[in-house]
Structure formats: C-alpha cells, structure tokens
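As a plain string of letters, each chain reads:
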Amino acid sequence: MRNASKTALIAAAALVGISSLAPAFAQETGSINPAAVTIQRIDALSNDEERTYDNLSQGQLAAVQEQVNANPALVGALRAKGVNVNSVVRVIEFPNGSALVYQR
C-alpha cells in the first residue's frame, strides 16, 4: 500500500508539470518528523518525470536549497539518511510531519 501511495503521489506530481513547481518547490507545513522523510531518486522516475527535474533553472535550484537549509529538522533527517543536501531538487512537506524529498 505504501508503494502504491508513493506511486500515486509521483504520478500526480508529474501531471502537475514543471510550471507549477516554479516559485514554491517546498510546501512548508510545520515541523518535520525525521523518521517520516522518504527519499525519491529522480533517476528512478520515468524519463518524463526525470526531465522535469533535470530542466530546473539555477534560480529554482537555489530556491530549493535555501528552503531546505532553512529547515534544521529536514537537514538533520537528510544527513541521517546519507543524503547530500545539495542534491535535493524538490521537497513536499505534508501536514502530518512527513516529507517526500526528490534527490538527484
């Protein structure tokens, strides 16, 4: 069931397209539960989904990095999972404290 939910979320994100990612890459909803951070590598996505993240501008990537670095709980969770913060291209935070992180 968890994989089905993740697949549905990824599919929905792909349908939304890159234009809706533009100003707000991360939706800040409050505190993040470090145990509830899921990492999704973009090279594991379909080609179309992967290209969405490969075509981000330097400004868009800088905005993501700024938002990630402004959230100490997220930075700690990423480091604990061995994720280089600079490889993050998108973060979706959910009201329950979980987060889906897209990584190069």
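In the block above lies the structure referred to throughout.
Residues numbered from 1 in each chain as written. Predicted model: local features only at pLDDT ≥ 70, side-chain atom pairs only at ≥ 80, totals over all residues. Heavy atoms only, no water.

**Looking at the overall build of the protein**
Stated precisely, the cut-off is as follows: Runs of E in the DSSP output that reach at least two residues are strands. Runs of H or I that reach at least four are helices, and both are numbered from the N terminus. Each residue gets one of three labels from its accessible area relative to the maximum for its type: buried under 20%, exposed over 50%, partly exposed in between, using a 1.4 Å probe on protein chains only. Contacts are residue-level and defined by heavy atoms, with any inter-residue pair within 4.5 Å sufficient. Accessible areas in this description were obtained via Shrake-Rupley with a 1.4 Å probe; residue shielding takes into account the shown protein chains only.
Each helix and strand in the protein was counted, giving 4 helices and 3 strands. When its helices and strands are written in sequence order, the protein yields α-β-α-α-α-β-β. In the protein, which comprises 104 residues, the share counted as buried stands at 41%. Intrachain contacts of the protein at a sequence separation of at least 6 include 67% that bridge at least 24 residues. Carbon together with sulfur atoms contributes 52% to the accessible area of the protein, which is approximately 5,800 Å² in total.

**Focus on the sheet that holds strand S1 (residues 37-41)**
This is how the line gets drawn: The pairing criterion for strands is at least two bridges between them, as found by DSSP. Note on geometry: axes are lines fitted to C-alpha atoms, helical ones only across the stretch in contact, with angles between N-to-C directions running from 0 to 180 degrees.
Overall, mixed pairing links the 3 strands, which are arranged S1-S3-S2 in an open sheet. The open sheet has two free edges, formed respectively by S1 and strand S2 (88-93), since each of these has just one partner strand. If you compare each strand with its neighbour and ignore which way they point, the axes differ by 20 degrees on average. Direction of pairing for S1 relative to strand S3 (residues 99-103): parallel, over a ladder of 5 bridges.

**Comments concerning the pattern of salt bridges**
Applied cut-off: When a carboxyl oxygen of Asp or Glu lies within 4 Å of a side-chain nitrogen of Lys or Arg, that pair is called a salt bridge.
Applying the stated criterion across every chain, the model contains 1 salt bridge. Among the ionic pairs, Asp 43 bridges to Arg 41, the shortest N-O distance being 2.9 Å.

**Focus: the nonpolar core**
Heads up, the rule is: In this description, a nonpolar core means a group of buried Ala, Val, Leu, Ile, Met, Phe, Trp, Tyr and Cys residues linked to one another through side-chain atoms lying within 4.5 Å.
Grouped together as the largest cluster of nonpolar side chains are 14 residues, with contacts concentrated most on Val 37, Val 68, Leu 74, Leu 78, Val 88, Val 91 and Val 101. Those elements giving two or more residues to this core turn out to be helix H3 (58-69), helix H4 (72-80), S2 and S3. Per-element tally for this core: the top contributor is H4, with 4 residues. With residues up to four places along the chain from it excluded, the contact list for Leu 78 reads Val 37, Ile 39, Val 68, Val 83, Val 85, Val 88 and Val 101.

**Structural notes on the pairing of S3**
Here S3 lies mainly inside the structure; 5 of its 5 residues are buried. Residues of S3 alternate between two faces, with Ala 99, Val 101 and Gln 103 on one and Leu 100 and Tyr 102 on the opposite face, all of them buried. Here S2 runs beside S3; their pairing, made up of 5 bridges, is antiparallel. Of the residues in S3, the one forming a bridge with Val 88 is Gln 103. From the end of S2 to the start of S3, which pair antiparallel, there are 5 residues, and Gly 97 there has a positive phi angle of about 95 degrees.

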